[in-house]
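Here's the letter readout for the chains.
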Amino acid sequence: HHDGSGQAPGDWDERLVTASEKFSGVAESFRKLRTIILYPEDQQPARTIMVLSSDPQEGKSFVSANLGISLAQGVGRRALLLDCDLRRPSLHSLFGLNNKQGLADYLRDGKDISTFMLPTGLANLTLIPSGTPPDNPAELVASEKMSAMMHGLADSANDLLVVLDSPPFLAASETLILSQLVDKVVLVVRWGKSGRDNVKKVIDQIGREKIIGVVFNAFEMNMLDRKIQGVGYHNYYSESYY
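For clarity, every value in this text was computed on a predicted model and none was experimentally measured.

Under the defined criterion, the tally for this structure stands at six salt bridges. We note a salt bridge from D165 to K60, for which the minimum N-O separation is 3.1 Å. Here D165 is found in strand β5 (residues 160-165), whereas its partner K60 is found in helix α3 (residues 60-74), with 105 residues between them in sequence. The exposure classification of D165 matches that of K60, with both residues buried. We note a salt bridge from K200 to D204, for which the minimum N-O separation is 2.9 Å. Highlighted residues: K200 and D204, both in helix α9 (residues 196-206), separated by four residues, approximately one helical turn.

It is worth spelling out α9 at this point. Those residues of α9 that fall on the buried side of the exposure criterion are N198, V199, V202, I203 and I206. Considered in projection along α9, the buried side chains sweep an arc of 135° and stay on one side of the axis. Projecting away from the buried face of α9 at angles above 90 degrees are the exposed residues R196, D197 and D204. Taken from the residues just after α9, G207 is the one with a positive phi, measuring 100°.

One pass over the full model with this rule turns up two aromatic pairs. On the numbers, 5.2 Å between centres and 85° between planes, the contact of W12 with F95 is edge-to-face. Taken together, the positions of W12 in the segment before α1 (14-21) and F95 in the loop between α4 (91-94) and α5 (103-109) put the pair 83 residues apart, joining distant regions of the chain. Between Y106 and F116 the ring centres are 5.9 Å apart and the planes differ by 70°, which places this aromatic pair in the edge-to-face class. Remark: F116 occurs in the loop between α5 and β3 (118-119) and Y106 occurs in helix α5; sequence separation between them is 10 residues.

Attention now goes to the nonpolar core. Counting residues in each nonpolar core, the largest one holds 35 residues, and the members touching the most others are L82, L103, M149, L164 and L187. In this structure, V26, F30, I69 and L122 belong to the second largest nonpolar core, which totals 31 residues.

Quick look at unusual backbone geometry now. Here the phi dihedral of N124 falls at roughly 75°; this positive angle occurs in a residue that is not glycine. Position of N124 relative to the elements: it lies in the loop between β3 and β4 (125-128).

Once that is clear, we can look at the pairing of strand β2 (residues 78-83). Of all the six residues making up β2, five are buried; the element is thus mostly covered by neighbouring parts of the structure. Across six bridges, β2 lies against β5 in parallel orientation. Pairing of L80 across the sheet is with V162, part of β5. Note that β2 and β4 share four bridges and pair parallel. Paired with L82 across the bridge in β4 is I128.

What counts, and where the lines are drawn
Residues numbered from 1 in each chain as written. Predicted model: local features only at pLDDT ≥ 70, side-chain atom pairs only at ≥ 80, totals over all residues. Heavy atoms only, no water. Salt bridge = Lys/Arg side-chain N within 4 Å of Asp/Glu carboxyl O. Helix = DSSP H or I, 4+ residues; strand = E, 2+ residues; numbered from the N terminus. Buried < 20%, exposed > 50% of the residue type's maximum accessible area, 1.4 Å probe, protein only. Arc of directions from axis to C-beta. Phe/Tyr/Trp six-rings, centres within 6.5 Å; stacked < 30°, edge-to-face > 60°. Core = buried A, V, L, I, M, F, W, Y, C linked by side-chain atoms within 4.5 Å. Pairing = 2+ DSSP bridges.

So this is what it looks like as structure tokens:
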């Protein structure tokens, strides 16, 4: 499936392949974010990072996937993508994987978390999909088992970098709980869509010191779908950090 050459497997979503291969601006943006995560100026590097948007449809899963790819490609460290959007998961589909079993199943009655880890086709990058949609996502995420799992994954013996794709902040009560289980948060803001007040609400509740980066994702997905080449990606996509 993966030959070590860096080629993405054939069943990845075309947008993901295009972003990681053809538009170097995207890869470059994520390399910058990766550097900030791995080599912060005055604190311990984060092991667990949550990707968050204030509202739905901000492209946060796309950002999560790209960040996971960048971390796995970069530093010889293993990276794990964890789909915590138990209500409307989409990470598995970006990688062409199924969602039969995953986080929700582990939290309900799973014994060994590693049995839920799926290979993405990229060396060093695995995915735990969200699994069977539960009736009580907020309860599962707030459970003792969830926090114990996060502690286990973040254990320095693992040398694992964990990226959580979380539900939109204003749509799900469990997102605030998740933010307390991670070292740092990457906030995804879509120009023209994210109301300034909503973004401010998120920052106030999560705490500015927890937010390691803001990705302004103004890139309309249909631009990639139409395969418009030669358009500088950075025109649509830029980042800014606190």
